[in-house]
Amino acid sequence: MVSTLRSNPWIVCPKPNPKADLRLFCFPCAGGTASAYSTWSQDLPSNVEVCSIQLPGRGRRLMEPPFTRLSRLLESFLPKLKPYLDKPFAFLGHSMGAVLAFEVARQLRTDKDPEPIHLFACACPAPQIPIKKPYIHKLPKSVFVTELSRRYNAIPESIRKDKAMMQLFLPSLRADLTMLETYTYTMDKPLSYPISVFGGFQDNAISIDSLEAWRQQTNSSFVIQMLTGDHFFLHNNKLAFLRALSQQLYSIKFRYSLSA
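Heads up: these notes are all about the structure in this document. (Residues numbered from 1 in each chain as written. Predicted model: local features only at pLDDT ≥ 70, side-chain atom pairs only at ≥ 80, totals over all residues. Heavy atoms only, no water.)

**Description of the overall build of the protein chain**
Okay, so step 1: Within the protein chain one finds 9 helices and 7 strands.
Okay, so step 2: Viewed in the frame of its principal axes, the protein chain has a C-alpha envelope of about 50 × 40 × 35 Å.
Okay, so step 3: Burial analysis of the protein chain (260 residues in total) assigns 53% to the buried set.
Okay, so step 4: Sequence-distant contacts in the protein chain: of pairs separated by 6 or more residues, those separated by 24 or more amount to 80%.
Okay, so step 5: By element, 55% of the accessible surface of the protein chain is carried by carbon and sulfur atoms, the whole surface being about 12300 Å². (Helix = DSSP H or I, 4+ residues; strand = E, 2+ residues; numbered from the N terminus. Buried < 20%, exposed > 50% of the residue type's maximum accessible area, 1.4 Å probe, protein only. Contact = heavy atoms within 4.5 Å. Areas by Shrake-Rupley, 256 points an atom, 1.4 Å probe, with all protein chains shown as cover.)

Structure below.
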């Protein structure tokens, strides 16, 4: 399994943990990279192995064309994910990543493959909530950047002022927004395992009602927890978020009698 993990460009495990009995797959926000989760292992329970999803068009996959349709992404990604499902696992998604995690989870169910034992959704409306309009993925570059920053505070000023960095950053960001804004939710039966939702009190883009709506997507338990911070609270308020996440991961360990 170790050689498989290292040879798979889709999944990055910054701190392999052969003794772990739970894998936490982290799906990034629009334009995000696997590196956003590179230090999480040191602050999470020792029985958890963090595996970050690295999408094409960014990071070490910068030269690969990014996907603009979620269905195409699923077709390419799922065969690369399935070798990792040899032990209990959970999904965590940030913003767009929560939609990706949700649809991957539903496809695993359809394919009768192992399913997550928990889904964590961060700073993302429930998938049945329509995407906010007007859509922005087709806007000219300067307007696109301005609107993206206004809605989500998504691009650090240091990157906005660096033309070379923006040149590298924008294609994957626009592709991800295209994928998100062309996503169509299909009604299906709720998931059979718990969903936990995290939101930021200062996140002006995401309403609490839209976070609460995730409750409709599970027949199991549902928890929502609000933390100080904006759309990027899980990085800007990382320690508080990881403490809250750790508490829930410990409860999973107890519930499923997992032990490192």
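Continuing now.
**Side note on the state of the cysteines**
Okay, so step 1: Using the criterion set out here, one finds 0 disulfides in the structure.
Okay, so step 2: There is no disulfide at Cys13, and the cysteine sulfur nearest it, in Cys51, is 4.1 Å away.
Okay, so step 3: Among the residues examined, Cys13 registers a relative accessible area of 16% and is labelled buried. (Disulfide = S-S within 2.5 Å.)

**Observations concerning the sheet that holds strand 2 (residues 22–27)**
Okay, so step 1: Read from one edge of the open sheet, 7 strands run 1-3-2-4-5-6-7, paired in mixed fashion. Sheet topology places strand 1 (11–12) and strand 7 (222–227) at the edges, where each strand pairs with a single neighbour.
Okay, so step 2: By the bridge criterion, 4 bridges tie strand 4 (residues 89–94) to strand 5 (residues 119–122) in an arrangement that is parallel. From the neighbouring strand, His94 faces strand 5, where its bridge partner is Cys122.
Okay, so step 3: The strands touched by helix 3 (residues 96–110) within the sheet are strand 2, strand 4 and strand 5, with strand 4 carrying the most contacts at an inclination of about 145 degrees. (Pairing = 2+ DSSP bridges. Axes fitted to C-alpha atoms, helices over the stretch in contact; angles between N-to-C directions.)

**Some words on the side chain of Ser41**
Okay, so step 1: Along the chain, Ser41 turns up in the loop between strand 2 and strand 3 (48–53).
Okay, so step 2: Here Ser41 is in contact with Lys15 and Val50, once residues within four sequence places are set aside.

**Examining the nonpolar core**
Okay, so step 1: The biggest cluster of nonpolar side chains holds 56 residues, and the ones touching the most others in it are Phe25, Leu81, Phe91 and Trp214.
Okay, so step 2: By residue number, the principal contributor to this core is helix 3, which donates 9 residues.
Okay, so step 3: Beyond its immediate sequence surroundings of up to four residues, Trp214 is in contact with Ala98, Phe102, Leu119, Ala121, Cys124, Pro125, Ala126, Pro127, Ile195, Val197 and Phe222.
Okay, so step 4: Listed in part, the 24 residues of the second largest apolar core include Leu24, Tyr37, Ile117 and Ile252. (Core = buried A, V, L, I, M, F, W, Y, C linked by side-chain atoms within 4.5 Å.)

**Here we look at a nonpolar patch on the surface**
Okay, so step 1: On the surface, Leu62, Met63, Met165 and Leu168 cluster together into a nonpolar patch covering about 410 Å² of accessible area.
Okay, so step 2: Within the secondary structure, Leu168 is located in helix 6 (residues 163–181).
Okay, so step 3: Judged by its relative accessible area of 47%, Leu168 falls in the partly exposed class. (Patch = residues over 30% accessible without salt bridge, like charges linked within 9 Å, V, L, I, M, F, W, Y side chains within 5 Å. Salt bridge = Lys/Arg side-chain N within 4 Å of Asp/Glu carboxyl O.)

**Notes on the side chain of His94**
Okay, so step 1: Along the chain, the position of His94 falls in strand 4.
Okay, so step 2: According to the relative accessible area criterion, His94 is buried, its value standing at 0%.
Okay, so step 3: The residues touching His94, leaving out its near neighbours within four places in the chain, are Phe27, Pro28, Cys29, Tyr37, Cys122, Ala123, His231, Phe232, Leu234 and His235.

**With respect to the environment of Gln216**
Okay, so step 1: Looking at where Gln216 falls in the secondary structure, it is placed in the loop between helix 7 (208–212) and strand 7.
Okay, so step 2: According to the relative accessible area criterion, Gln216 is exposed, its value standing at 54%.
Okay, so step 3: Taking the C-alpha atoms as reference points, Gln216 and Ile195, separated by 21 residues in sequence, lie 9.9 Å from one another.
Okay, so step 4: Ignoring anything within four residues of it in the chain, the contact list for Gln216 reads Gln128 and Pro190.
Okay, so step 5: In terms of polar contacts, Gln216 uses its side chain to reach the side chain of Gln128, at 3.3 Å. (Polar contact = N/O pair within 3.5 Å; in protein donor to acceptor, adjacent residues only side chain to side chain.)

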